[in-house]
Amino acid sequence: MEILTCPTMFQVLRSSAGAGKTHALVKHYLTHCLGTSDHGAYRHILALTFTNKAATEMKERVISYLEGLAGGGPFHGPLADVAEHLRTVAGIDADELTHRAAVVLGNMLHNWSAVSISTIDAFTRRVVKPFARDLRLDHDLRMSTEQEYYRTEAVNALIDRAGHDAGTTRMLTLTCLELLQEERPWEPTRPLLDLSRELLNERSLRPLQALRDRSFEDIAGLLERLGVSAARFRREVQRIGQEAVGLFTSTGVEKEEIAYGGSALNYFQSLAGFKDHWNAPGAQTIKPIESGKLHSGKASTGSIAALAGIAGAIDRLFWDAEELREARYADHVIQRAVARELLPAYALHGIDMAMEELKRVDGVTFFSDLTRRVAEVVKDEPVPYIYERLGERYRHFLIDEFQDTSLLQWNALLPLLDNALATDGSVLLVGDAKQAIYRWRNGEVRLFLELPGLYGGDPKDATAAQQEATLRRTWRPAEPLALNRRSAQGIIAFNNALFESLAEALTPALRRVYDEQAQRSWRPEAGTVRLRTAEKRSGDELTEVILEQVLESMRLAIESGHRPGDVAVLVRSKRLGRMVAEHLQTHGFAVVSPDGLQLTADPAVQLLIECLRFTLQGDAVSAARALQWQAIVAAASSGAEDPSWCIIPQGDGRIDAVATLREHLRTHGDPAMHSTLAALLETLARSFGLTPITDAALLTLLDEAHAWSIEHAQDIGGFLEHWDRGGGDRSTAMGEGTDAVQVMTIHKAKGLQFP
């Protein structure tokens with residue numbers, strides 16, 4: 001791909017996996033750094049990636065390339081591509097390139113904080129910080145990922161208001177009645193928790209905002225009016241149906257004597273029992289009514305005469321019904337839909353208010369909150385003023401993994417990109433629509449598909465129209481990166497065939513996801529793809545089949561000469577990942593799993609946590625649990641050379657858990673003598689013969705305790721509360737180069753390269 005250095009340029013680069021996307025990004029970045037005599041040009045470049053790992057990789061690649069270029073030629077491989085590109089588009093010879101690279105590298109290293117390569121979330125926080133006072137945010141506001149905890153607490157707080165707040169009490173009462181009508185358990189906690197997930201959906205923001213100034217009396221009044229309107233409409237429809245059915249009944253004719261098997265009678269019977277659904281009449285209903293011949297060929301002379309006698313009335317009732325359906329049925333459907341969603345929406349509004357209060361009291365915020373605030377800032381403030389407050393002005397933007405960008409993130413960035421393109425800057429968006437797997441986190445692939453147009457904009461919004469015009473005016477086509485340098489030929493051929501078939505199964509609107517998706521292979525290896533199907537499609541039996549297939553494939557890989565570190569197992573969920581990791585460990589394989597090996601699953605970690613609880617509470621329950629975990633750890637380490645750390649039962653065979661654990665802790669040092677929480681945990685670990693320096697789970701626990709203590713305090717109770725709220729869900733960190741099987745979800749594996 002050739003990246004032009006015209007003064008103003010907007011490009012969309014489509015890049016499938018393994019096609020050199022990071023190299024293309026770094027080459028574009030260095031073009032702006034080295035294509036000018038300004039050695040501080042990097043200060044005006046903003047590169048945004050999806051994950052911290054991707055940001056780190058890009059920073060390392062930038063420094064590596066600069067070091068290679070500063071070392072002088074001849075250049076080979078990726079460096080040769082960068083050097084040739086700069087010579088072509090900027091006229092820089094090898095000597096000048098070496099000089100500029102050395103100067104820029106030194107400048108960067110001495111001003112590393114000015115290098116703006118980060119995640120979108122990190123940049124969002126940077127933008128918000130200078131406007132904290134304007135947005136009424138606490139300068140010490142802490143970022144929190146404990147969304148599950150705050151949702152649960154918000155639901156509990158809402159339910160606790162029952163009996164104290166009339167509106168909330170009535171709303172919860174109606175919710176319980178609705179659950180009973182649906183023959184579900186009446187207790188509202190679980191339905192409200194499920195409903196609260198909508199708070200994480202960007203599409204819920206505008207409706208919730210509209211409810212902020214509404215009281216429950218407003219909602220209840222609207223519900224009542226909607227109910228009255230629906231009941232009135234039902235009665236009108238039912239009256240027509242009942243009158244028509246009465247006419248048919250009065251004739252005394254049999255159903256088979258009515259045309260088309262009594263189709264007209266069936267239609268009016270459905271109207272007589274109308275609730276909310278109204279099917280339009282079919283041809284077999286309309287034809288006999290319009291012709292006035294309601295009888296079938298089987299009708300007797302008397303039945304024909306009787307039906308002819310009511311034909312005029314039936315015709316009138318039919319067209320009354322049609323007039324009613326065309327004039328008011330659509331409104332009825334909408335009103336019923338609104339009525340069904342109004343109560344949950346107001347309940348969601350109550351949960352939202354409760355959660356905002358909890359976050360305010362705790363002084364925390366979510367990254368999604370900051371994104372919303374940034375969108376407000378860039379919408380209301382002139383871009384030069386934003387840069388003045390930010391301390392930097394960016395002229396060139398590089399955004400990676402754009403297919404997973406949310407609409408709110410795009411709206412927050414768009415004014416900055418528009419300003420850059422309007423002032424001789426450039427924008428490069430990189431992505432791959434078929435890798436869009438973050439819709440559950442508000443990722444919107446249609447943003448990528450519509451470029452250079454804008455998706456989801458208001459056609460009446462003059463600002464949005466001007467921004468789209470800028471994108472279209474400055475857009476330059478870019479050839480997709482189609483040469484896969486990572487995968488073997490067989491894998492690429494399989495993927496090409498699969499994506500081609502998938503495109504045929506999609507709607508025309510989404511078929512563009514697979515446009516120009518075919519890749520070419522670069523590596524000579526053939527590669528292998530095996531597909532195995534399981535007869536069981538769900539439940540424990542399917543899980544058992546999956547576990548055995550993974551183990552069989554693992555053994556086959558080892559027999560073929562591969563090491564465990566060469567193998568990665570990708571799963572659909574964290575739960576399945578934990579099961580796969582445990583299954584492989586049971587059969588003797590070392591496992592690295594950012595999803596599966598959570599701290600709470602490690603017996604040694606649980607032993608230390610229960611010891612912490614005991615030092616705080618001194619209760620028998622914590623002591624008993626600690627001894628139970630100690631027994632599990634001891635059993636797993638029975639082959640160790642020094643088992644002296646085991647806690648020995650008393651002579652009569654019984655264990656006084658409290659006395660035993662208290663004596664153990666006293667013998668191995670008073671916890672009160674330790675200055676930090678991490679130091680206390682390390683001492684406790686060593687007292688049981690554990691060595692944190694060689695145990696990945698214990699090292700991760702110490703790191704978690706240290707990080708929490710720095711931000712909060714050396715507080716055992718606070719840390720245990722954090723642990724119960726989700727700190728224990730952190731995954732065990734393993735060092736690079738560990739010869740272990742990698743087990744992770746597909747989402748976690750996004751963007752990673754495996755051996």
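Residues numbered from 1 in each chain as written. Predicted model: local features only at pLDDT ≥ 70, side-chain atom pairs only at ≥ 80, totals over all residues. Heavy atoms only, no water.

(A) Expanded view of the packing of helix 12 (residues 283–291) against helix 13 (residues 301–362). Between helix 12 and helix 13, whose axes approach to 9 Å, the crossing angle comes to 130 degrees. As judged from the angle between their axes, helix 12 and helix 13 are oblique. Crossing handedness for the pair helix 12 and helix 13: left-handed. Along the contact surface, helix 12 presents Thr-285, Ile-286, Ile-289 and Glu-290, while helix 13 presents Ile-314, Asp-315, Phe-318 and Trp-319. (Axes fitted to C-alpha atoms, helices over the stretch in contact; angles between N-to-C directions. Helix = DSSP H or I, 4+ residues; strand = E, 2+ residues; numbered from the N terminus. Parallel < 35°, antiparallel > 145°, perpendicular 65-115°, else oblique. Left-handed = near helix turned anticlockwise from the far one by under 90°. Contact = heavy atoms within 4.5 Å.)

(B) Seen up close, helix 11 (residues 259–272). The terminal C-alpha atoms of helix 11 lie 20 Å apart, and with 14 residues this matches the ideal 20 Å at 1.5 Å per residue to within 8%. Along helix 11, the sharpest kink reaches roughly 30 degrees, centred on Asn-266. Taken together, the buried positions of helix 11 are occupied by Ala-259, Gly-262, Ser-263, Ala-264, Leu-265, Tyr-267, Phe-268 and Leu-271. (Expected span 1.5 Å × (residues − 1). Bend = angle between axes of the 7 residues up to and from the residue. Buried < 20%, exposed > 50% of the residue type's maximum accessible area, 1.4 Å probe, protein only.)

(C) Spatial organisation of the nonpolar core. Counting 43 residues, the largest nonpolar core has Phe-10, Phe-123, Phe-397, Phe-402, Trp-410, Leu-429 and Leu-451 as the members making the most contacts within it. With 9 residues, helix 16 (residues 407–422) is the single largest residue contributor to this core. The residues touching Phe-402, leaving out its near neighbours within four places in the chain, are Trp-410, Leu-429, Val-430, Gly-431, Leu-447, Phe-448 and Leu-451. Listed in part, the 37 residues of the second largest apolar core include Ile-45, Leu-66, Val-104 and Leu-481. (Core = buried A, V, L, I, M, F, W, Y, C linked by side-chain atoms within 4.5 Å.)

(D) Representation of the sheet that holds strand 1 (residues 9–14) within the structure. Strand order across the open sheet formed by 5 strands is 1-7-6-2-3, with parallel pairing between neighbours. The sheet is open, and its two edges are formed by strand 1 and strand 3 (116–119), each paired on a single side. Across the sheet, the mean angle separating the axes of adjacent strands is 10 degrees when strand polarity is ignored. Direction of pairing for strand 6 (residues 396–399) relative to strand 7 (residues 426–431): parallel, over a ladder of 4 bridges. Across the sheet, Leu-398 pairs through a bridge with Leu-428, a residue of strand 7. Seen against the sheet, helix 2 (residues 52–70) touches strand 2 (45–49), strand 3 and strand 6 and runs at an angle of roughly 160 degrees to strand 3. (Pairing = 2+ DSSP bridges.)

(E) The arrangement of the pairing of strand 12 (residues 741–745) in detail. Counting buried residues along strand 12, 4 of its 5 residues qualify, which places the element largely inside the surrounding structure. In this structure, strand 10 (residues 568–571) lies alongside strand 12, joined through 4 bridges in parallel fashion. Within strand 12, the residue paired with Leu-570 across the bridge is Met-744. Two elements, strand 11 (residues 591–592) and strand 12, share 2 bridges in a ladder whose sense is parallel. Bridge assignment links Val-592 to a residue of strand 12, and that residue is Gln-742.

(F) How the structure looks around the sheet that holds strand 11. Read from one edge of the open sheet, 3 strands run 10-12-11, paired in parallel fashion. This sheet does not close on itself; its edge strands, each paired only once, are strand 10 and strand 11. Sitting on the sheet, helix 21 (residues 574–586) touches strand 10, strand 11 and strand 12, and the angle it makes with strand 12 is about 165 degrees.

(G) Spatial organisation of the confidence of the model for the protein chain. On average, residues of the protein chain score 82 in pLDDT, and 90% of them are at 70 or above. Contacts for the low-pLDDT stretch residues 1–7, under 50 throughout, to residues beyond four places or in other chains number 18 contacts. Scored below 50 in pLDDT, residues 639–646 shows 10 contacts in the model against residues more than four places distant or in partner chains. (pLDDT = per-residue confidence, 0-100.)

(H) Quick look at the pattern of salt bridges. In this structure the tally under the stated criterion is 26 salt bridges. Its salt-bridge partner being Asp-432, residue Lys-434 comes within 3.2 Å of it at the nearest N-O pair. Salt-bridge contacts for Glu-444 lead to Arg-446; the nearest nitrogen and oxygen are separated by 2.9 Å. A relative accessible area of 32% means that Arg-446 is categorised as partly exposed. One continuous salt-bridge network, built from bridges that share partners, spans Arg-239, Glu-243, Arg-316 and Asp-320. (Salt bridge = Lys/Arg side-chain N within 4 Å of Asp/Glu carboxyl O.)

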